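Each chain, letter by letter, is given below.
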Amino acid sequence: MEKKKICLVGAFAVGKTSLVRRYVSGVFSEEYLTTAGVKIDQKTVELEGGPVRLLVWDLAGSDDFARVEKSYLNGSSGFLFVANGTRPESVDVVLEDAARILVDHPGAVSFFLVNKADLAEEWALSEERLADLERQFPVFRTSALSGEGVEEAFVELARRIVSGEA
Amino acid sequence: MSGPIDSDPVSCDPGIVFRGLNCAVLANQGGGGWRVWGEPPPWFVGIFGEEEAPSLEETSPFLADFLGREMDERTRRSGIWEESDTEGRSAWLEATRIRENGMCLLVVEDVEDEHDRIRRVQQHSHEQSLARERGLRELEAKRILLDCIMHDLANPASTILMNLQHALRQLERGAGIEALRHPLERSLGQVERQRDLIREIGEVFSADLNPAVAGTDGEKWIDLAETVREAVAGWQTRAEEKGVRLAGPADEGDSLNVAGHPLYLARVMDNLLGNAIRHTPAGGEVSVAAGRSGTRGWVSVIDGGPGLDLDPGQLFRPFIQGSHPGSSGLGLYFCRMTVEMWGGKIGARDHADGGAEFWFEVPLS
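Cut-offs and rules
- Residues numbered from 1 in each chain as written.
- Chains lettered and ligands numbered in written order.
- Predicted model: local features only at pLDDT ≥ 70, side-chain atom pairs only at ≥ 80, totals over all residues.
- Helix = DSSP H or I, 4+ residues; strand = E, 2+ residues; numbered from the N terminus.
- Buried ≥ 20, exposed ≤ 12 C-beta atoms within 10 Å, placed from the backbone.
- Contact = placed C-beta atoms within 7 Å.
- Pairing = 2+ DSSP bridges.
- Axes fitted to C-alpha atoms, helices over the stretch in contact; angles between N-to-C directions.
- Nonpolar A, V, L, I, M, F, W, Y, C, P; charged D, E, K, R; others polar.
- Right-handed = clockwise from strand over helix to strand, strands pointing away.
- Left-handed = near helix turned anticlockwise from the far one by under 90°.
- Core = buried A, V, L, I, M, F, W, Y, C linked by C-beta atoms within 7 Å.
- Expected span 1.5 Å × (residues − 1).
- Arc of directions from axis to C-beta.
- Parallel < 35°, antiparallel > 145°, perpendicular 65-115°, else oblique.
- pLDDT = per-residue confidence, 0-100.

I'd love a proper account of the overall build of chain B, names of residues and values included.
For chain B, the helix and strand inventory stands at 11 helices and 12 strands. Burial statistics for chain B: of 365 residues in total, 29% are counted as buried. For chain B, restricting intrachain contacts to residue pairs at least 6 apart in sequence, the fraction spanning at least 24 positions comes to 57%.

Quick look at the structure:
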């Protein structure tokens, strides 16, 4: 079966691990446990052209002291850049990471996930900011808590990787 | 202190050293295969199996990635990653590739303690950063709130001043008492607006900053349905004056007991009904319903207006007035603070048959 590596990138505490757990295992926990190191989960996606095995790399979030380790991104076919809608700072952080990463991976399929859609009324992103993101990436509003947009983002990423769509 | 060495360390089996270090060492055999050197630790066997030449890349996508990279330097560390053994137990590992004298070795270590230490430090640092971000956001929100309050209190004051100056000029010109009516009425209207605003700010801040006031102090059993019926009855006169039909829930019905503060619940209903009547043109209808959904009681107020002109999420923030003047912009914020204080939710949406629907739900007791 064809395997495709995808990486979740973003600031700390935006919900990357929760999104992976929601997508792979269908579970959610309110507890915040920071990710140290790398965790790889696998899930098979059924696409029109046949099944594809997604290798989902959950990387430690960027903070003031460390950004994403570039060597972990080698061979990645797609990226999910994740921000927390209630924390505008997290958008700035992941956009900086995305700019650096996409220089090295110009052909990779990239989506932007604005997570915590269940707290949409507390989002601190203006419509202009969201529109600006939508000009740069396909944007998905996701909630690891409710599951909103999660499956759709992963499956669409897999579909575009396989079909070669940008 | 360790005991005396009773054998020649130079001739010692390296496997003893590897066991002592709790690591597995593998030598590259060429052709991409790796062979275990000595006896590997149990955790390694649990993950990669007992074979002398385990298929590392098959078992671990992380190692496949790490071993697949070109290597120019003499040693390279992989960083920490998580693996699961055949029974689902997870382990935190780190690998080191060593190239020396034509040999290529791979050392795999169980670094759970190191991982836990790093994670604890990062967790603490991230929680501190999150608290700082929250503090800065709250400070900014308070500053905006203060600016809005100053602005909304200053505007009526300017209007009052202008009208009183105008009245004084009229008196100086010898105008009759009747000439003072309009400036005094306008001043009175602005004073009432200021008074309402000050009252609402007081209520909002007592709910916002002192949850006990709206939460448990003075909390009683309230019949939600009865409170809704009373509020609808209280607004009938105002609705009739405007030519709006106000339809409330049926008189007979299940009681919906909730624990809350009666005055605050009445104020929530007053805000929703006042807004609905204000947004509904003469000849239109405001429809109010209440009911039970599982363990929660709900209330719905549907107006006959043009629908929402703002994002529903924004409506419940302070000083949001939409396109309709005449309110302080604090009413819905107060409703949200109160309902959420009781473990409930509040929201708004465009109604399918036109108009806007405001709803809230609270846990039943």
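Just give me the short version of the overall build of chain A, but keep the residues and values in it.
A count of helices and strands for chain A gives 4 helices and 6 strands. Order of helices (α) and strands (β) in chain A, N terminus to C terminus: β-α-β-β-β-α-β-α-β-α. By residue count, 46% of the 166 residues in chain A fall in the buried class.

An account of the sheet that holds strand β10 (residues 296-302) of chain B is needed here, citing residue identities and associated values.
Residue and element names in this part refer to chain B. Taken together, the 5 strands give an open sheet; going across it, the order is β7-β9-β10-β12-β11, and neighbouring strands pair in mixed fashion. Lying at the two open borders of the sheet, with one neighbouring strand each, are β7 (245-247) and β11 (345-350). Taking the axes of each pair of neighbouring strands and ignoring which way they run, one obtains an average angle of 15° across the sheet. Pairing geometry for β7 and strand β9 (residues 285-293), over 3 bridges, is parallel. In the strand pairing of β9, Leu-246 is matched with Val-286. With respect to the sheet, helix α9 (residues 262-279) is in contact with β9, β10 and β12 (356-363), its orientation differing from that of β10 by roughly 20°. Against the sheet, helix α11 (residues 331-341) contacts β11 and β12, and its axis sits at roughly 135° relative to β11.

Which residues make up the interface of chain A and chain B, and what values go with them?
With 19 residues of chain A at the contact, the number on the chain B side is 21 residues. Counting residues per element, the side of chain A that touches chain B draws most heavily on strand β2 (residues 38-47) of chain A, which supplies 3 residues. Residues belonging to the side of chain A that touches chain B are distributed by class as follows: 8 nonpolar, 5 polar and 6 charged.

Kindly report on the pairing of strand β5 (residues 109-115) of chain A, identifying the contributing residues and their values.
Residue and element names in this part refer to chain A. Of all 7 residues in β5, 7 are buried; the element is thus mostly enclosed. Of the two faces of β5, the one carrying Val-109, Phe-111, Leu-113 and Asn-115 and the one carrying Ser-110, Phe-112 and Val-114 are both buried. Bridge count for strand β4 (residues 78-84) against β5 is 7 bridges, and the pairing is parallel. Residue Phe-81 lies in a different strand from β5, and its bridge partner there is Phe-112. In this fold, the crossover linking β4 to β5 by way of helix α2 (residues 88-104) has right-handed handedness. Alignment of β5 against strand β6 (residues 139-141), held across 3 bridges, turns out to be parallel. Across the sheet, the residue bridging to Val-114 is Arg-141, located in β6. Handedness of the β5-helix α3 (residues 127-136)-β6 crossover: right-handed.

Just give me the short version of the environment of Leu-125 of chain A, but keep the residues and values in it.
Residues and elements named next belong to chain A. Of note, Leu-125 is situated in the loop between β5 and α3. On the neighbour-count criterion, Leu-125 (18 C-beta atoms within 10 Å) is partly exposed. Residues Leu-125 and Arg-87, spaced 38 residues apart in sequence, show a C-alpha to C-alpha distance of 8.2 Å. Sequence-distant contacts of Leu-125, defined by excluding residues within four places in its chain, comprise Gly-85, Pro-88, Val-91, Val-114 and Leu-130.

Residue-level account of the packing of α9 of chain B against α11 of chain B, with values.
Residue and element names in this part refer to chain B. As a packed pair, α9 and α11 sit with axes 9 Å apart at the nearest point and diverge in direction by 145°. Note that α9 runs across α11; the crossing there is left-handed. In this structure, α9 uses Tyr-264, Arg-267, Val-268, Asn-271, Leu-272 and Asn-275 to contact α11, whose residues at the interface are Gly-331, Leu-332, Phe-334, Cys-335, Thr-338 and Val-339. Among the residues forming the contact of α9 with α11, the class breakdown is 7 nonpolar, 4 polar and 1 charged.

If you had to explain the nonpolar core to someone new, which residues and values would you point to?
One finds Val-9, Trp-57, Leu-80 and Val-82 of chain A to be the most contacted residues of the largest nonpolar core, which totals 69 residues. If near-sequence neighbours (up to four positions away) are discounted, Leu-80 of chain A is found in contact with Ile-6, Leu-8, Phe-111, Leu-113, Ala-153 and Leu-157 of chain A. Residues Ala-276, Ile-277, Val-288 and Leu-315 of chain B belong to the second largest nonpolar core, which totals 44 residues.

Report on helix α4 (residues 150-163) of chain A, specifying residues and quantitative values.
Residues and elements named next belong to chain A. Between its terminal C-alpha atoms α4 stretches 20 Å, which fits the 20 Å expected from 14 residues at 1.5 Å a residue. Those residues of α4 not exposed but buried are Val-150, Ala-153, Phe-154, Leu-157, Ala-158 and Ile-161. Buried residues of α4 fall within an arc of 125° about the axis and therefore sit on the same side. Those residues of α4 that are exposed and angled more than 90 degrees off the buried face are Glu-152 and Ser-163. Two residues or fewer after α4 comes Gly-164, characterised by a positive phi angle close to 80°.

Residues and numbers for the packing of helix α1 (residues 16-25) of chain A against α4 of chain A, please.
Relative placement of two packed helices is described by the angle separating their axes and the distance separating the axes. Residues and elements named next belong to chain A. In contact at an axis separation of 9 Å, α1 and α4 are set at 80° when each is read in the N-to-C sense. Our classification of the angle between α1 and α4 gives roughly perpendicular. For the pair α1 and α4, contact is made by Leu-19, Arg-22 and Tyr-23 and by Val-150, Glu-151 and Phe-154, respectively. Residue classes in the contact of α1 with α4 are distributed as 4 nonpolar, no polar and 2 charged.

Which residues make up α1 of chain A, and what values do they have?
Residues and elements named next belong to chain A. Buried residues dominate α1, accounting for 7 of its 10 residues. Where α1 is buried, its residues contact β1 (2-10), β2, β3 (50-59), β4, β5 and α4. Immediately downstream of α1, the backbone of Gly-26 shows phi near 70°, a positive value.

Before we move on, could you go through the confidence of the model for chain B and cite the residues and values that matter?
Looking at chain B as a whole, the pLDDT averages 84, with 87% of positions reaching at least 70. Here the prediction assigns the complex a pTM of 0.65, and the interface score ipTM is 0.88.

Summarise unusual backbone geometry; cite the residues concerned and give the values.
All names here are of chain A. Positioned with a positive phi, Ala-13 is a non-glycine residue whose angle comes to about 60°. The buried category is assigned to Ala-13, around which 22 C-beta atoms lie within 10 Å. Notably, Lys-116 is not glycine yet its phi reads approximately 70°, a positive angle. Residue class for Lys-116 comes out buried when judged on the 23 C-beta atoms lying within 10 Å of it.

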